[in-house]
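# Chain and residue survey
Next come the chains, spelled out residue by residue.
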Amino acid sequence: MTQSTPAPTDPPAADSTAKRALVELDNVNKHFGSFQALKDINLTIPEGQVAIVIGPSGSGKSTLCRTINRLETIDEGGTIRIDGKPLPAEGKGLAQLRADVGMVFQSFNLFAHKSIVENVTLGPIKVKGVKKSQANDEAMALLERVGVAQQAKKMPAQLSGGQQQRVAIARALAMRPKVMLFDEPTSALDPEMVQEVLDVMVQLAHEGMTMVVVTHEMGFARKAGDRVIFMDEGAILEDTDPESFFMNPQHPRAKDFLGKILTH
């Protein structure tokens, strides 16, 4: 299958058709000067779906991820909606909508001068007006959930990369997002730390979190993904379920990509 626009019945199976669309991209294009990073992207992610975005370096995966919460602007004529609401260009409306979209980056982006628990409570207190005591209780529950509650009073520099990334996930979850975006969350980690982060992500997937995950971790894609979106040169070339993609890719570029990465 080589379409850009997924049909409503795209994987996962038919139950997704009854769920509301949480992320919708219509005719999304993105230029950096004369370079076109995204080409006519049409994509709908229903509630509860784990969509895995893969492709070679420079294919537009991270740019796609960053446009969903407007860390990158898009060209005129395209639209992005989160839970039915168009993404505002700027201002308070954008801040409110961004609170519905959690993001975890390659680098952990924790505040180095704040403790782990302060990193997690900052957003709810400052953005959502949650009382400090409530934010602290919720932060501790989230840190427990991702397995680093015992590190709550430490500073980020005292934690391993894997622990810091799990804190970053807890920080995103503290905002109670409707959608979680992961932009190659394990690429900056030492190999032995990768699995501890992927385990947290698998747990989130099993709990029904709507997720868009840019990753090179093919095992995770097969295990936790409902859907694989393959990109190259800014375009979606294949959009199907993981089993179909890994066992029987249709697009020649996807076949070539898998042939290279799965033989190493």
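Thresholds applied
- Residues numbered from 1 in each chain as written.
- Predicted model: local features only at pLDDT ≥ 70, side-chain atom pairs only at ≥ 80, totals over all residues.
- Heavy atoms only, no water.
- Helix = DSSP H or I, 4+ residues; strand = E, 2+ residues; numbered from the N terminus.
- Expected span 1.5 Å × (residues − 1).
- Buried < 20%, exposed > 50% of the residue type's maximum accessible area, 1.4 Å probe, protein only.
- Contact = heavy atoms within 4.5 Å.
- pLDDT = per-residue confidence, 0-100.
- Axes fitted to C-alpha atoms, helices over the stretch in contact; angles between N-to-C directions.
- Parallel < 35°, antiparallel > 145°, perpendicular 65-115°, else oblique.
- Left-handed = near helix turned anticlockwise from the far one by under 90°.
- UniProt positions renumbered as here; feature names shortened; annotations may be inferred.
- Core = buried A, V, L, I, M, F, W, Y, C linked by side-chain atoms within 4.5 Å.
- Pairing = 2+ DSSP bridges.

Looking at an unreviewed UniProt entry, one finds the protein named ABC-type polar-amino-acid transporter and attributed to Citricoccus muralis.

With that settled, the discussion passes to helix H6 (residues 191-206). Residues separated by three or four positions in an α-helix point in the same direction, a consequence of the helix having 3.6 residues per turn. An ideal rise of 1.5 Å per residue puts 22 Å on 16 residues; H6 measures up with 24 Å between its terminal C-alpha atoms. All of the buried residues along H6 are Met193, Val194, Val197, Leu198, Val200, Met201, Val202, Leu204 and Ala205. Against strand E3 (50-54), helix H4 (132-145), helix H5 (161-173), strand E7 (179-183), strand E8 (210-214) and helix H7 (218-224) lie the buried residues of H6. Among the residues trailing H6, Gly208 stands out with phi positive, at a value near 95°.

The next subject is the confidence of the model for the protein. Scored by pLDDT, the protein comes out at a mean of 89, with 92% of its residues at no less than 70. Counting contacts from residues 1-17, a segment whose pLDDT is below 50, to residues more than four positions away or on other chains yields 34 contacts.

Okay, the packing of H5 against H6 next. Interaxial distance between H5 and H6 falls to 8 Å at its minimum, and their mutual angle equals 20°. With respect to their mutual orientation, H5 and H6 come out roughly parallel. Between H5 and H6 lies a crossing of right-handed hand. Taking contact as the criterion, the partners of Gly161, Gly162, Gln163, Gln165, Arg166, Ile169 and Leu173 in H5 are, on H6, Met193, Glu196, Val197, Val200, Met201 and Leu204.

Here we come to the UniProt feature "domain: ABC transporter" (unreviewed entry) in the protein. Within the UniProt annotation, "domain: ABC transporter" (unreviewed entry) is assigned to residues 23-258. A distance of 27 Å separates the end C-alpha atoms of residues 23-258, which is 38% helix and 25% strand.

With 52 residues, the main nonpolar core has Leu143, Ile169, Met180, Phe182, Met201 and Met211 as its most contacted residues. In contact with Met180, not counting residues within four places along its chain, are Gly102, Val104, Ile169, Ala172, Leu173, Met209, Thr210, Met211 and Val212. Core analysis: the second largest hydrophobic core is formed by 29 residues, Leu22, Leu38, Leu87 and Val101 among them.

Okay, the sheet that holds strand E10 (residues 235-240) next. Taking strand neighbours across the sheet as the criterion, the six strands line up as E6-E7-E8-E3-E9-E10 in an open arrangement whose pairing is mixed. The open sheet has two edge strands with one neighbour each: strand E6 (101-104) and E10. Shown here is a sheet whose adjacent strand axes are inclined to one another by a mean of 20°, direction ignored. Where strand E9 (residues 227-232) lies against E10, five bridges are found, and the strand directions are antiparallel. Opposite Ile229, over in E10, you have Asp239 as the bridge partner. Across the face of the sheet, helix H1 (residues 61-68) comes into contact with E3, E6, E7, E8 and E9 while running at roughly 150° to E7. Strands E3, E9 and E10 of the sheet are contacted by helix H9 (residues 252-261), whose axis makes an angle of about 100° with E9.

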